[in-house]
Amino acid sequence: MILYTAMPSEWIYQAEPSEYAKQKVVNFEGIPLLVEFTSGSEYRVIQVMSTDPNDFMNENIGPGVKITLS
Amino acid sequence: MDFEMNGNDQEQQPKEDKQSPLMEKIQQLGQTNVPQLSQDSKIHCLTIVGQIEGHLQLPPQNKTTKYEHLIPQIVAIEQNPKIEGLLVILNTVGGDVEAGLALAEMLASLSKPTVSIVLGGGHSIGVPIAVSCDYAYIAESATMTIHPIRLTGLVIGVPQTFEYLDKMQERVINFVTKHSQITEEKFKDLMFAKGNLTRDIGTNVIGADAVEFGLINEVGGIGPALKKLEELIENNEQQEGLVQ
């Protein structure tokens, strides 16, 4: 089948089940974070999911920062 | 420190183990420093972004608002005496009706002052969430698409399905008309309007139009919204003072 479309492929094809396992919501020092697994016990912060504006000012958990979870 | 931004050089250079903290910060946040807030903000900020995720988990590349995650946060905001007001920022394409209505009901029943701002877009099920707050703002360039409820994919055309969808739609219409100035007739008119959306029925209301229809209270951004929230908090405190 050939699909002629301008839509990105990830909108058309279903994601691999393993993709779902990559991301998770964790509680890091009392702040809920959406993280992505990188390696070992290291995770990369994707989104800060707190409602406290102060948490967004915390440079240690900004998006892109790598954190270590035990 | 020298900052030669030579693309070729950077790619060829082996990754250094120890990057300068400044470089690291630029890579992480895209900026060098972040403004500091004074401790203990009494206003919390809830962001409704991307798709509103319902019973089905969306693939990770989607930006989603997870209602099972937001609801405990709203509970915590209600319970925490230090938090005096909530600012809701919307930029959503919509999503699950039940999850969206759940969030809207939670926000509407919050005893603390709430102000919402629609930035960019507050489409479909974002409409009830925007109107659920005590006062709603919309940015001048922001839009809200009002359209009938539908299922994505194949719709089985049997009367039961139709009735189920119709009842679901009633719930949305009731909520919106109850929490904003818009009349049921007007809202339904916008919902079933023809010719506004390509090959679809519904209306895309922009900034000032949303205010004109009575859906949103005022056109404005973060400044007026925070001012309004402070005002509501002050009123709230005065009322509490009278009760005690």
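Structure report, in brief. This one's a predicted model, so the numbers in the text were calculated from it and none came from an experiment. (Residues numbered from 1 in each chain as written. Chains lettered and ligands numbered in written order. Predicted model: local features only at pLDDT ≥ 70, side-chain atom pairs only at ≥ 80, totals over all residues. Heavy atoms only, no water.)

## Re the packing of helix α3 (residues 67–79) of chain B against helix α4 (residues 97–108) of chain B
All names here are of chain B. We apply this condition: All axes are obtained by fitting lines to C-alpha atoms, using only the stretch in contact for helices, and the reported angles, taken between N-to-C directions, cover 0 to 180 degrees. Runs of E in the DSSP output that reach at least two residues are strands. Runs of H or I that reach at least four are helices, and both are numbered from the N terminus. With respect to orientation, any angle under 35 degrees is reported as roughly parallel, any angle over 145 as roughly antiparallel, any angle of 65 to 115 as roughly perpendicular, and every other angle as oblique. Any two residues having at least one pair of non-hydrogen atoms within 4.5 Å are treated as being in contact. Three categories are distinguished: nonpolar for Ala, Val, Leu, Ile, Met, Phe, Trp, Tyr, Cys and Pro, charged for Asp, Glu, Lys and Arg, and polar for the others, with Gly belonging to the last.
Interhelical geometry of α3 versus α4 gives an angle of 5° and a closest axis separation of 10 Å. Classified by the interaxial angle, the pair formed by α3 and α4 is roughly parallel. Contacts between α3 and α4 involve Tyr67, Leu70, Ile71, Ile74 and Val75 from the former and Ala99, Ala102, Leu103, Met106 and Leu107 from the latter. Considered class by class, the residues forming the contact of α3 with α4 number 10 nonpolar, no polar and no charged.

## Description of the packing of aromatic side chains
Here is the rule we go by: To pair, rings of Phe, Tyr and Trp, with the six-membered ring standing in for Trp, must have centres within 6.5 Å; the planes then decide the type, stacked if under 30 degrees apart, edge-to-face if over 60, and tilted in the middle. Accessibility here uses a 1.4 Å probe with only protein chains present; expressed as a share of the type maximum, an area under 20% marks a residue as buried, one over 50% as exposed, and anything in between as partly exposed. Charges are assigned to positions over rings by a cutoff of 6 Å between ring centre and Lys NZ or Arg CZ, combined with an angular limit of 35 degrees from the ring normal.
Going through the model one piece at a time under the given rule, you end up with two aromatic pairs over all chains. Taking the centre distance of 5.5 Å and the plane angle of 70° together, the rings of Phe37(A) and Tyr43(A) count as edge-to-face. Ring plane angle 55° and centroid distance 5.3 Å describe the contact between Tyr135(B) and Tyr137(B), whose orientation is recorded as tilted. Comparing Tyr135(B) with Tyr137(B) shows no difference in burial state: the two are buried. Here the basic side chain of Lys228(B) rests over the ring of Tyr135(B), its NZ or CZ set 4.3 Å away from the ring centre.

## Concerning the sheet that holds strand β4 (residues 66–68) of chain A
Residue and element names in this part refer to chain A. Quick note on the threshold: DSSP-based pairing: two strands are paired if at least 2 bridges between them are found.
In spatial order, the strands read β1-β2-β3-β4; together these four strands make up an open sheet with antiparallel pairing. Looking at strand neighbours, the two that pair on one side only are β1 (23–28) and β4, the edges of this open sheet. Across the sheet, the mean angle separating the axes of adjacent strands is 50° when strand polarity is ignored. Pairing between β1 and strand β2 (residues 31–39): six bridges, direction antiparallel. Across the sheet, the residue bridging to Val26 is Leu33, located in β2.

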